[in-house]
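Close look at the chain arrangement
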Amino acid sequence: MDAGTDFDDAVLGHGLPPEVEQALREAGAARADPSLAMAALMRAGALAPEHPAVLIAFYRHYFYSHRLRLARAVARKTLVVAARSLGLPLVWREVPGQPLAGARDDVATRFYLWVLKGYAYLSLRLDDPVEARDALAKLRQLDPDDRVGAALLEAVRQRRDRGGDEDEGPALPVFGAAAWARVTATGQT
C-alpha cells in the first residue's frame, strides 16, 4: 500500500501502484482464462500483498471459480489485514465481544465486518457449521444493529441446522437490531 494512502482509501481501491492496477486490470480481462488471470493476480499480489484491492481481487477470483476453500483462506488473511488497520486482535475470535463503534459509517470497520460475514458464509457453504456459527455469533456482538445483514445469514444457518430447506421462504421480515432479536425470539439460537 502506498505510504500516503490510508486504509479507508485503500479499501476503496486507492493507493495502488500503477503496475498493480495494470495487473488487476489484466486479471479482470482474463477471467475466462484462469491461468492468465491467476498469473496477473500473482503479479499484483507480489507487488502489494496486503492491499485490500488485491485481496478482494483474489477473493473474487476464487469465489466465482467455485474454489471456496481458497476464497476462505483469502478472507482469513484479509481479516488480519483489516484487524491490524483497526488496532484489533489479529485473530477474529479474540476481538472483544462488544459493538464496534464504526459499524454504521467507518469504511475500515464496515470492511472488517463484511469480510467476517463473507468468512461465515463460506464456512456455511463449506459445511463447517461450528466456524460459521462462531463467526456469526461474533458478528452479532460486533454489529448488534446488523448493519451488514448477518442476521439473515444466521437465520439461514439455523434453519439449515434444523434440517429445513434454505429456500423455504423469507427468513427474517425485519432488519437491523430487530433482525437479531427475531432470530432469538423464534427459538432459533
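This text gives an overview of the structure that appears in the document. Worth saying up front: this structure is predicted, and the values here are computed from it rather than measured. (Residues numbered from 1 in each chain as written. Predicted model: local features only at pLDDT ≥ 70, side-chain atom pairs only at ≥ 80, totals over all residues. Heavy atoms only, no water.)

This part covers the overall build of the chain. Secondary structure assignment for the chain yields nine helices and zero strands. Overall, the chain shows an N-to-C arrangement of helices and strands of α-α-α-α-α-α-α-α-α. Counting over 189 residues, the chain shows a buried share of 44%. Within the chain, counting contacts between residues at least 6 apart in sequence, those at least 24 apart form 58% of the total. Surface exposure of the chain reaches about 9800 Å², of which carbon and sulfur atoms provide 55%. (Helix = DSSP H or I, 4+ residues; strand = E, 2+ residues; numbered from the N terminus. Buried < 20%, exposed > 50% of the residue type's maximum accessible area, 1.4 Å probe, protein only. Contact = heavy atoms within 4.5 Å. Areas by Shrake-Rupley, 256 points an atom, 1.4 Å probe, with all protein chains shown as cover.)

Attention now moves to helix H8 (residues 150-161). Compared with an ideal rise of 1.5 Å per residue, which puts 12 residues at 16 Å, H8 spans 16 Å between its outermost C-alpha atoms and is within 8% of the ideal. Among the 12 residues of H8, nine are classified as buried, and the element is accordingly described as predominantly covered. Among the residues of H8, those classed as buried are Ala150, Ala151, Leu153, Glu154, Ala155, Val156, Arg157, Gln158 and Arg159. Note on H8: the residue one or two positions beyond its end, Gly163, has a positive phi of about 90°. (Expected span 1.5 Å × (residues − 1).)

A word on the nonpolar core. Nonpolar side chains tend toward joint burial in soluble globular proteins. Grouped together as the largest cluster of nonpolar side chains are 33 residues, with contacts concentrated most on Tyr112 and Leu116. Elements with a minimum of two residues in this core: helix H5 (68-86), helix H6 (107-125), helix H7 (129-142), H8 and helix H9 (177-185). Sort the elements by how many residues they give to this core and H6 lands first, with nine residues. Among residues more than four places away in sequence, those in contact with Leu116 are Leu79, Trp92, Ala135, Lys138, Leu139 and Leu142. (Core = buried A, V, L, I, M, F, W, Y, C linked by side-chain atoms within 4.5 Å.)

Positive phi, normally seen in glycine, also occurs at Asp127, with a value near 55°. Residue position: Asp127 is located in the loop between H6 and H7. Given the relative accessible area of 57%, Asp127 is considered exposed. A positive phi is found at Asp146, a non-glycine position, where the angle reads about 55°.

Two aromatic rings are characterised by how far apart their centres lie and by the angle between their planes. The tally for this structure, following the rule as stated, stands at five aromatic pairs. Where Tyr59 meets Phe63, the ring centres are 6.0 Å apart and the plane angle is 10°; that geometry is what we call stacked. Residue Tyr59 and its partner Phe63 are both found in helix H4 (residues 52-64); the two are separated by four residues, about one turn of the helix. One aromatic cluster is present, built from ring pairs that chain together Tyr59, Phe63, Tyr64 and Tyr121. (Phe/Tyr/Trp six-rings, centres within 6.5 Å; stacked < 30°, edge-to-face > 60°.)

Turning our eyes to something else, we now look at H6. Over its 19 residues, H6 runs 27 Å from end to end, which matches the ideal 27 Å to within 8%, given 1.5 Å per residue. H6 sits mainly inside the fold: 14 of its 19 residues count as buried. Asp127 lies just past H6 and shows a positive phi near 55°.

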